[in-house]
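One-letter residues, chain by chain:
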Amino acid sequence: MSTPDHRAVDREIARLLTGAVSAHGTAPSTGRRDLWSAFAQATDDGKRFRPALLTATHRALGGLRGETAVQVAAALELLHTAFVVQDDVIDGDLMRRGVPSLPGRFAQDVQQHGTSAAEARRYGDAAGILAGDLGLLTAFRAIARCDAPAPVVERLLDLFETTVHSSAIGELADVRLQLGPTEQPGALREALAVAEFKTAVYSFQFPLHAGALLADADSETLGVLDEIGGLLGIGFQLVDDLLGMFGDERLTGKSALGDLREGKRTALIAHATTTAQWPQLRPLLGEPDLDAADARRARALLTDSGSRAWTEELARWHLTSAVSSASQHGLPSPLVHALSTVTDEILRTSDLLLPPESTATTDTDAGVTAEATEKATEKASAASRSTADPTSNPASRSKPDPNPSPNPNPNPNPNHDSMAAPSAERTDARTPATTGRPS
């Protein structure tokens, strides 16, 4: 996001948050301020890449509603924060990126005054649910009051509603996926469907679609952008799954043991169930007391089985296919370039934060040196700064390869073309796009 856009979105977020906390009503002011202050703090750490994608899309399509795009972008960031807060409740996460999450903060506060751990956690979860609800309401209200013509506002509200419904479906499907046997039929398709509904819809399809709506794009362009958003979102989630399993938590802010201890059913794990290493790997997943040595062993098995390489390639295929689709459908070159920048940034982050396969089983747990960690952080920050504006055009950027090598392990066949929604019908261009897969 360009610096002026970033500042404008931050100002709009601050205006929305201030307006909400000072709104007249009968609710006790202390409780309302506590919830809203905590929610406001949760918005501070965002990278604003969703607002950046929205404003870049609007600009690239020749949109003339710059101020309105900033208003909707700010609402999207509040929606993101609301989802994050409630996701922490669902996942039972009291910490986020090394500091207490919103539920964790509230639980910590009352526990310091003598409340039992169980009751403190219940209080924290209640705060997370309620703060998320307040954020959702404020985001909806912001879109309803944005400075767009009434027909455009109505379509934006339809998009918002569909996005919230789809994200709820994806969140519940994610929880349900953890309940069945790891080797259940269709586990890979379900994992990809969760990625599409839980991540792609609001993080990529919403900003692309909303930016295009504000630029008065035609229905064909909107449909293409929904398809592209689905590809980007699934690729992004696959990279995030890899970082959660193999990344250095001091750089990623994600626990290096969380997904293993939870036994999270990601596409990475779904693939691993089909390999010869699975009988050795299976007992290590879902163990709450898993130690560092067993975690190293699990990562080594995931690497030796080819599941890590397979997931990396599947992620790259989705991301580069998004850019290829944009070019093939003749989208304006500034938009194609903006999408290429987003893809490059995701891949660059993966390259910077994922250790090479040869060191993934040692460095992640034994720890890299402080100097190496600092250098990696500096590289990540520099990369982020160099691509902060999705419409910039660094001469050194290499074109992503839209045709990666064939699937290194063709079994299972992730028949993404026939992937169905977990529990909803796709009825219009705003629902998650059905995307392709590598052969």
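The preceding data block contains the structure.
Conventions used here
- Counting of residues starts from 1 at the beginning of each chain's written sequence and follows it residue by residue.
- At least 70 in pLDDT is required for a residue's local features to be given in this predicted model, at least 80 for side-chain atom pairs to be given and counted, and no such filter applies to totals for whole chains, interfaces and linings, which use all residues.
- Only hydrogens and water are removed before side-chain values are computed, so all heavy atoms of the structure are retained for them.
- A helix here means a DSSP run of H or I that spans at least four residues, while a strand means a run of E at least two residues long, and both kinds are numbered starting from the N terminus.
- Note on exposure labels: buried denotes an accessible area under 20% of the residue type's maximum, exposed denotes more than 50%, and partly exposed covers the range between, all computed with a 1.4 Å probe on protein chains only.
- When checking whether two residues touch, look at their non-hydrogen atoms; a contact exists if any pair is within 4.5 Å.
- The Shrake-Rupley method, run with a 1.4 Å probe, gives the accessible areas here. Residue values count only the displayed protein chains as cover.
- Polar contact criterion, stated in full: a pair of N or O atoms within 3.5 Å, where within protein one must be able to donate a hydrogen and the other to accept it, and residues adjacent in sequence count only if both atoms are side-chain atoms.
- The definition of a nonpolar core used throughout is a set of buried Ala, Val, Leu, Ile, Met, Phe, Trp, Tyr and Cys residues joined through side-chain atoms within 4.5 Å.
- To obtain each axis, a line is fitted to C-alpha atoms, and for helices this fit is confined to the stretch in contact; angles are then taken between N-to-C directions over 0 to 180 degrees.
- Any angle that falls under 35 degrees is termed roughly parallel, while one over 145 is termed roughly antiparallel, one within 65 to 115 roughly perpendicular, and all others oblique.
- Two helices crossing with the near one rotated counterclockwise from the far one by less than a right angle form a left-handed crossing, whereas a clockwise rotation gives a right-handed crossing.
- The nonpolar class holds Ala, Val, Leu, Ile, Met, Phe, Trp, Tyr, Cys and Pro. Asp, Glu, Lys and Arg form the charged class, and all remaining residues, Gly among them, are polar.
- Only one rule defines a salt bridge in this text: a Lys or Arg side-chain nitrogen within 4 Å of an Asp or Glu carboxyl oxygen.

Asker: Help me understand the overall build of the chain, please; the structure alone is not making it clear to me.
Answerer: A tally of helices and strands in the chain yields 18 helices and two strands. For the chain, the residues scored as buried account for 52% of the 439 residues in total. A separation threshold of at least 6 residues defines the contact pool for the chain, and within that pool the share at least 24 residues apart is 78%. By element, 51% of the accessible surface of the chain is carried by carbon and sulfur atoms, the whole surface being about 19,500 Å².

Asker: I tried to follow the side chain of K198 on my own but got confused; where do I start?
Answerer: You can see K198 is positioned in helix α8 (residues 187–214). A distance of 3.4 Å separates polar atoms of two side chains, one belonging to K198 and the other to E171. A distance of 2.8 Å separates the side chain of K198 from the side chain of D174, its partner in a polar contact. Once residues within four sequence positions are removed from consideration, K198 is found in contact with D87, G170, E171 and D174.

Asker: I would appreciate a short explanation of the nonpolar core in the present structure.
Answerer: One broad rule of soluble globular proteins: the nonpolar side chains tend to lie buried together. In this structure, L54, L156, F206 and I228 are the most contacted members of the largest nonpolar core, which totals 102 residues. The residues contacting L156, other than those within four sequence positions of it, are V72, I143, C146, A210, L213 and L214.

Asker: Quick question: what am I supposed to make of the packing of helix α3 (residues 49–60) against helix α4 (residues 66–91) here?
Answerer: Helix packing for two helices is described by the angle between their axes and how far apart those axes are. Where α3 contacts α4, the two axes come as close as 8 Å, and the packing angle between them is 155 degrees. Considered as vectors, α3 and α4 are oriented roughly antiparallel to each other. The element α3 and its partner α4 pack so that their crossing is right-handed. Between α3 and α4, the contacting residues are R50, P51, L54, T55 and H58 on the first element and G66, A69, V72, A73, L76, E77 and H80 on the second. In terms of residue class, the contact of α3 with α4 is made up of six nonpolar, four polar and two charged.

Asker: Even after reading the chapter, I still don't get the pattern of salt bridges, so can you show me in this structure?
Answerer: Close approach of charged atoms lets side chains of opposite charge pair. Applying the stated criterion to the full structure yields 13 salt bridges. Between R65 and D216 there is a salt bridge, with its nearest N and O atoms 3.2 Å apart. In this pair, R65 is assigned in the loop between α3 and α4 and D216 in the loop between α8 and α9 (219–246), connecting sequence segments 151 residues apart. With a closest N to O distance of 2.8 Å, R96 and D88 form a salt bridge. Overall, the relative accessible area of 3% leaves D88 in the buried class.

Asker: What exactly am I supposed to notice about the packing of α4 against α8 here?
Answerer: Running from N to C, α4 and α8 cross one another at 170 degrees; their axes reach a closest spacing of 10 Å. In this view, α4 runs roughly antiparallel relative to α8, as classed from their interaxial angle. Where α4 abuts α8, its residues T68, A69, V72, L76, H80, F83 and D87 lie against K198, Y202, F206, P207, A210 and L214. Looking at the contact of α4 with α8 residue by residue, the class counts come to nine nonpolar, two polar and two charged.

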